Amino acid sequence: MNRFEEFTTSIVQQIGKKEGPISPVMINSASFGYGDSETGEGIFEGSIKKPLYARVGNPTSAQLEQILASMDGGVGAVSASTGMGAIAMATLSLLKSGDEIISIGGLFGGTYAYFSETLSRFGIVTKFFDVDELEKVEEAITPATKIIFLESVGNPNMRLPDIAKIAQISNRHSIALMVDNTTTPLSIAPLKFGADIVVYSTTKIITGNASALGGAVVYRAIAEGDDKFKSERYRDIHPFINKMGSIALIAVAKKRALRDLGMSSNGFGSYLTMLGLETLPLRLDRIVTTVETVAKTLYAKGFNVNHPCLEHHPHHKRYLDQFSNGCGTILTLDMGSKERAFEFLNRSKLITITANIGDSRTLGLHMGSTIYRDFDDETKVFLGITPGLIRISIGLESAEAIIDDFINASKI
Ligand SMILES: *Cc1c(COP(=O)(O)O)cnc(C)c1O
């Protein structure tokens, strides 16, 4: 059974209860009564599993977290207010001043800015590499390296990392591998490739209709015997491992990120996210097929299309070997110049021009004048941002309608 088929059953079964409300129960209370002081003490101590205060956990979000963890085979998940909140939570709960991140491939503009501009102000250095510079990656590892970070699909450069091979490197050096799987939920299960932590912006294809911002971090269980998090490199979290065992990474995220930094999700957002999540396998299954049809047809018609399903793409073989359920909703078109890109987007009747991806509708955006406008030329080259580059996120429309519209929009 492919993963879309498998999860089409398990996700809807996990959301709807057999008795009582079938739509997820939305609890949006900021605080919760304990009843008596002894219960209050037990909740704070951890011996009683009841809601403490919504900044550190909300029952509706807890249901969402369970489903996301099951999708990736994680021991649990922690939801966040946004995808950037999830990335901040996952990184800041492990890092301190003087630590280093190795970032491979990608990279989403917000994440690039967070690593290079914000974390650097706190003495955390990020070294950036292309997906095929794995020898340089190994040379760059030092005792201060705490995280190897990658995006499952380069957005918008469409370069694919060899996740299995990078996981081997991270395991060989006992360094946490964190994968941003926003564009490929279900399609890719990073923990199965050997990653330790998966981050999501649920704002994108998981919710799928622009109704809610959200994010989540999925963690693997800490092993009973040997585990990379028990090495000296991660001594800061050993007290959590000693106390919480397999779920230590969740406890670290809740204490250090939710409690202290407050990038918490809310009940209404998690409710909307679950309504979208119910149909994720169906939507993504359809869209990854449409993406291939659109990419191949437009390429044959002379468009400058970038997608790894095309045979000449440098990662075509990797696409076939490791991305058998597709690589998400994105393809890019290089129209040659900013003027031609603007003309194409303005003439299209179908594209919604916006800085989002993974929607029910086909979305498009000129990269150089928007998300990457403030980046210097060298960074743009590294991230694959050319003057005529348009990022397209394919939606639920028919492949034929999309292809017809793109061809009409490109005629001058
Ligand atoms: C959108 C996005 C994010 C950030 O998510 P928000 O919910 O907008 O904060 C992070 N990573 C990737 C790959 C994204 O596409």
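Look above for the structure.
In this text, all values refer to a predicted model and were calculated from it rather than measured experimentally.

The rules behind each value
- Residues numbered from 1 in each chain as written.
- Predicted model: local features only at pLDDT ≥ 70, side-chain atom pairs only at ≥ 80, totals over all residues.
- Heavy atoms only, no water.
- Helix = DSSP H or I, 4+ residues; strand = E, 2+ residues; numbered from the N terminus.
- Rg over C-alpha atoms; globule rule 2.2 N^0.38 Å.
- Buried < 20%, exposed > 50% of the residue type's maximum accessible area, 1.4 Å probe, protein only.
- Contact = heavy atoms within 4.5 Å.
- Areas by Shrake-Rupley, 256 points an atom, 1.4 Å probe, with all protein chains shown as cover.
- Lys, Arg positive; Asp, Glu negative; His and termini not counted.
- Charge placed at Lys NZ, Arg CZ, Asp CG, Glu CD.
- Near = heavy atom within 4 Å.
- Polar contact = N/O pair within 3.5 Å; in protein donor to acceptor, adjacent residues only side chain to side chain.
- 1 Å grid on protein atoms, 1.4 Å probe; cavity = no way out; pocket = protein on both sides within 12 Å on 5 of 7 lines; lining within 4 Å.
- Sits in = over half its atoms within 2 Å of the grid points.
- Nonpolar A, V, L, I, M, F, W, Y, C, P; charged D, E, K, R; others polar.
- Points joined across faces, edges and corners; volume = space filled by probe spheres on them.

1. Observations regarding the overall build of the chain
Here's step 1: Scanning the chain from terminus to terminus reveals 16 helices and 12 strands.
Here's step 2: Rg of the C-alpha trace for the chain: 21 Å, near the compact-globule value of 22 Å for 412 residues, within the 12% margin.
Here's step 3: Across its three principal axes, the chain shows a C-alpha extent of roughly 75 × 55 × 40 Å.
Here's step 4: Looking at the chain as a whole, 56% of its 412 residues are labelled buried.
Here's step 5: Across the chain, contacts joining residues at least 24 apart in sequence account for 73% of those joining residues at least 6 apart.
Here's step 6: When the accessible surface of the chain is split by element, carbon and sulfur atoms take 53% of a total near 17400 Å².
Here's step 7: Charged side chains of the chain number 41 positive and 45 negative; the gap between the two group centres comes to 2 Å.

2. Overview of the site of the ligand
Here's step 1: Around the ligand, 13 residues are found, and the nearest of them are Gly83, Asp180, Ser201, Thr203 and Lys204.
Here's step 2: A distance of 2.8 Å separates an oxygen atom of the ligand from a polar atom in the side chain of Ser201.
Here's step 3: Protein contact buries 91% of the 380 Å² of open area that the ligand shows by itself.
Here's step 4: Given that more than half its atoms are within 2 Å of the pocket grid, the ligand belongs to the second largest pocket.
Here's step 5: Broken down by element, the residue count for the shell around the ligand peaks at three residues, all from helix H4 (residues 83–92).
Here's step 6: When its residues are assigned to classes, the shell around the ligand shows four nonpolar, seven polar and two charged.

3. Topic: unusual backbone geometry
Here's step 1: Here the amide bond leading from Asn155 into Pro156 is cis, since omega sits at 10 degrees, within 30 degrees of zero.
Here's step 2: Positive phi, normally seen in glycine, also occurs at Met158, with a value near 60 degrees.
Here's step 3: Turning to its location among the elements, Met158 is positioned in the loop between strand S4 (145–151) and helix H7 (163–172).
Here's step 4: Even without being glycine, Ser174 reaches a positive phi, approximately 55 degrees.
Here's step 5: Looking at where Ser174 falls in the secondary structure, it is placed in the loop between H7 and strand S5 (176–180).

4. A few points about the layout of surface pockets
Here's step 1: Estimated volume of the largest pocket: approximately 1200 Å³.
Here's step 2: As for the largest pocket, its lining consists of 34 residues, of which Lys49, Val56, Met244, Ile250 and Lys254 are closest to the centre.
Here's step 3: Going through the elements one at a time, helix H2 (37–45), helix H3 (59–72), strand S1 (76–80), helix H9 (238–244) and helix H10 (248–261) are the ones with two or more residues in the lining of the largest pocket.
Here's step 4: At six residues, H3 tops the list of elements feeding residues into the lining of the largest pocket.
Here's step 5: Of the residues assigned to the lining of the largest pocket, the class counts are 18 nonpolar, eight polar and eight charged.
Here's step 6: Its volume calculated, the second largest pocket comes out at about 280 Å³.

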